[in-house]
Amino acid sequence: MTNAQDFSPSVLATRFPSGFQWGVATSSFQIEGAANEDGKGESIWDRFCARPGAIADSGNGDIACDHYHRLDSDLDLIASLGLDIYRFSISWPRVQPQGHGAWNERGLDFYERLVDGLLKRDVQACLTLNHWDLPQALQEKGGWNKRDTVHHFVEYAQTINRRFGSRLKMLTTHNEPWVIAHLGHEWGTFAPGIRSRQICMQVTHHLLLSHGLAVQAMRADGGCKNLGIVLNLGHVEPASDSPEDIKAADHGCAWGRRWYLDSLFKGQYPKEVIEELGAEAPTILDGDLKAISSPIDHLGVNYYTRSVFRASSPFDVKTSGLPLTDMGWEIYPRGLTELLCWLDREYKAPALWITENGVAFDDPVQDERVHDSRRVAYLKDHVAAVAAALERNVPVAGYMVWSLMDNFEWASGYSKRFGIVHVDYTTLKRTLKDSALWVRDLMQAVTSMRQKPMLVRSAGQGD
Ligand code: FCB
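Scoring rules and cut-offs
- Residues numbered from 1 in each chain as written.
- Predicted model: local features only at pLDDT ≥ 70, side-chain atom pairs only at ≥ 80, totals over all residues.
- Heavy atoms only, no water.
- Helix = DSSP H or I, 4+ residues; strand = E, 2+ residues; numbered from the N terminus.
- Expected span 1.5 Å × (residues − 1).
- Buried < 20%, exposed > 50% of the residue type's maximum accessible area, 1.4 Å probe, protein only.
- Contact = heavy atoms within 4.5 Å.
- Polar contact = N/O pair within 3.5 Å; in protein donor to acceptor, adjacent residues only side chain to side chain.
- Salt bridge = Lys/Arg side-chain N within 4 Å of Asp/Glu carboxyl O.
- Pairing = 2+ DSSP bridges.
- Axes fitted to C-alpha atoms, helices over the stretch in contact; angles between N-to-C directions.
- Near = heavy atom within 4 Å.
- Nonpolar A, V, L, I, M, F, W, Y, C, P; charged D, E, K, R; others polar.
- Left-handed = near helix turned anticlockwise from the far one by under 90°.

Draft legend 1. Structural view of helix α6 (residues 105-120). With 16 residues, α6 should cover 22 Å at 1.5 Å per step; its first-to-last C-alpha distance of 22 Å lies within 8% of that length. Looking only at α6, the buried set comprises Gly107, Leu108, Phe110, Tyr111, Glu112, Leu114, Val115, Gly117 and Leu118. On its buried face, α6 sits against α2 (28-31), α4 (71-80), β2 (85-89), α5 (92-95), β3 (124-130) and α8 (147-164). Phi for aspartate 122, located one or two positions after α6, is positive at around 70 degrees.

Here you go:
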């Protein structure tokens, strides 16, 4: 018997099947630095950071965590935590500076060393092709708004898969297309800083299409056997039982979740969104939705918080009295269980992976320690929320913490710290926070528990 309220590593570990995978996640632009080295091309985030006022602390990715130069010691750090898997992304402009044409061998070599370095340390690699840092050269030609970019992405995906695929545990096309489209192209708060709903929606379509076509092409080539996409999925709920609030939540769900999930798993966009868009609806060619809904092996879920919808104001999470993170996001672990159950019910999704979950809190280094007790509590509660979904027969295959280390948090710059490892941005010194020590303890408990059989879905389960 396990005690559902006891979230100590040794008890939590017993609630997971032995094959469940544990990891940490990062992305290229947020940690690598070396922005102009070894032939790397400019990315849209390099360009965006140079815009006055775009980044809260005027930070940029020139040095970031200097991971490019500290690869070996950072890989040692990951291995020292006892984790199964590491999720990272490739900087497209580092390996193909113009986004098409010539490849940069020195850039590819960095990822060779990364992938082999992981395997040497007995850590599996989960590679993301696009974690937002599109080559600026492609942006000059219209970026994701142009269908040509779709075809360039497919070629990029094929090249990476042919070269690295057989050494990867998972290969993911895009990270959070909603964020790229809406923050980058409708509100303009993220790169490339465009403000147009029409462009935004065309971008969503091209991102999804490039995902589907890339999956088809990579599948035909062989290489990695576990292909998928990562979406940002919060838990959605109405502020009350009133029909108006319920309608507002359905509306939010259609735009933020079903636009992606219905097209990926049902081959259609929600009708009500297309109707609402009218003339701003994207151009969709015959066969596009069929390509988008090509079968995938995993769906990555990035979960941080919930969104509460009210008819009166479309988005307001701050009035519930629940604790907020440094991002102003409500802490709501139960939403993760609800979300996973909903995904399983609605989409019969393939294996679900929590590809990101974590929290921004700023805690100081004191005597070589960082007592980030709020992060430890957040992680415990969310890991327990995943266990609760497993106990309801939802096929969750893995969980990755965002993030390995403090890093460049996009428009917030370096002011928001998500790492389980602290980074001193003056010296670049890494210090394990208490949350990293908790992860290490959890992994020790997991290692000694690895006997329970993996959850296998049988017909009719999870209905
Ligand atoms: C996600 C991003 C990731 C990180 C976290 C906090 O939306 O995928 O890069 O910034 O949020």
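Draft legend 2. Broad picture of the environment of serine 28. Among the structural elements, serine 28 can be located in helix α2. Between the C-alpha atoms of serine 28 and phenylalanine 110, which are 82 residues apart in sequence, the distance is 11 Å. Not counting the four nearest positions on each side in its chain, serine 28 is found in contact with Ser89, Ile90, Ser91, Tyr111 and Asp133. A distance of 2.7 Å separates polar atoms of two side chains, one belonging to serine 28 and the other to aspartate 133.

Draft legend 3. Structural view of the pattern of salt bridges. For the coordinates displayed, the defined rule picks out 33 salt bridges. Among the salt bridges present, the one from arginine 94 reaches glutamate 32, with a minimum N-O distance of 2.9 Å. A residue pair is termed long-range when its members are at least 10 positions apart, and arginine 94 in helix α5 and glutamate 32 in the loop between α2 and α3 (44-49) qualify at 62 residues. With respect to burial, arginine 94 and glutamate 32 carry one shared label: buried. Of the charged contacts in the structure, one is a salt bridge between glutamate 338 and arginine 334, with a shortest N-O distance of 4.0 Å. Taken as a pair, glutamate 338 and arginine 334 lie in helix α14 (residues 334-347) at a separation of 4 residues, close to a single helical turn. Of the residues examined, arginine 334 reaches a relative accessible area of 54% and is grouped as exposed.

Draft legend 4. The arrangement of the sheet that holds strand β5 (residues 227-232) in detail. The 8 strands are arranged β1-β2-β3-β4-β5-β7-β9-β10 in a closed barrel whose pairing can be described as parallel. Adjacent strand axes in the sheet meet at a mean angle of 25 degrees when their direction is disregarded. Here β3 runs beside strand β4 (residues 170-175); their pairing, made up of 4 bridges, is parallel. Pairing of threonine 128 across the sheet is with threonine 172, part of β4.

Draft legend 5. Structural view of the side chain of lysine 433. If you trace the backbone, lysine 433 turns up in the loop between β12 (430-432) and α16 (434-449). A distance of 2.9 Å separates the side chain of lysine 433 from the side chain of aspartate 406, its partner in a polar contact. Here lysine 433 is in contact with Phe361, Val370, Asp372, Arg375, Asp406, Arg417, Gly419, Ile420, Val421 and His422, once residues within four sequence places are set aside.

Draft legend 6. View of the site of the ligand. Around the ligand, a shell composed of Gln30, His131, Trp132, Asn175, Glu176, Asn302, Tyr304, Glu356, Trp402, Glu409, Trp410 and Phe418 is seen. A distance of 2.8 Å is found between an oxygen atom of the ligand and a side-chain nitrogen or oxygen belonging to glutamine 30. A distance of 2.9 Å separates an oxygen atom of the ligand from a polar atom in the side chain of tryptophan 410. A per-class count over the shell around the ligand returns 5 nonpolar, 4 polar and 3 charged.

Draft legend 7. Expanded view of the packing of α8 against helix α10 (residues 197-221). Between α8 and α10, the shortest axis-to-axis distance is 8 Å and the interhelical angle comes to 35 degrees. Handedness of the crossing formed by α8 with α10: right-handed. Residues Arg147, Val150, His151, Phe153, Val154, Ala157, Gln158, Asn161 and Arg162 of α8 form the contact with α10, whose participating residues are His206, Leu209, Ser210, Leu213, Ala214, Ala217, Met218 and Asp221. When grouped by side-chain class, the residues that make up the contact of α8 with α10 number 9 nonpolar, 5 polar and 3 charged.

Draft legend 8. Local environment of unusual backbone geometry. A cis amide bond links alanine 191 to the next residue, proline 192, at an omega of 5 degrees. Relative to the elements of secondary structure, proline 192 occurs in the loop between α9 (177-185) and α10. Cis peptide bonds are those with omega within 30 degrees of zero, and the linkage from tryptophan 402 to serine 403 qualifies with 15 degrees. Here serine 403 is to be found in the loop between β10 (396-402) and β11 (421-423). The backbone of serine 58 shows a phi angle near 60 degrees, a positive value even though the residue is not glycine. In this structure, aspartate 122 takes a positive phi of about 70 degrees despite not being glycine. For aspartate 122, the position within the fold is in the loop between α6 and β3.

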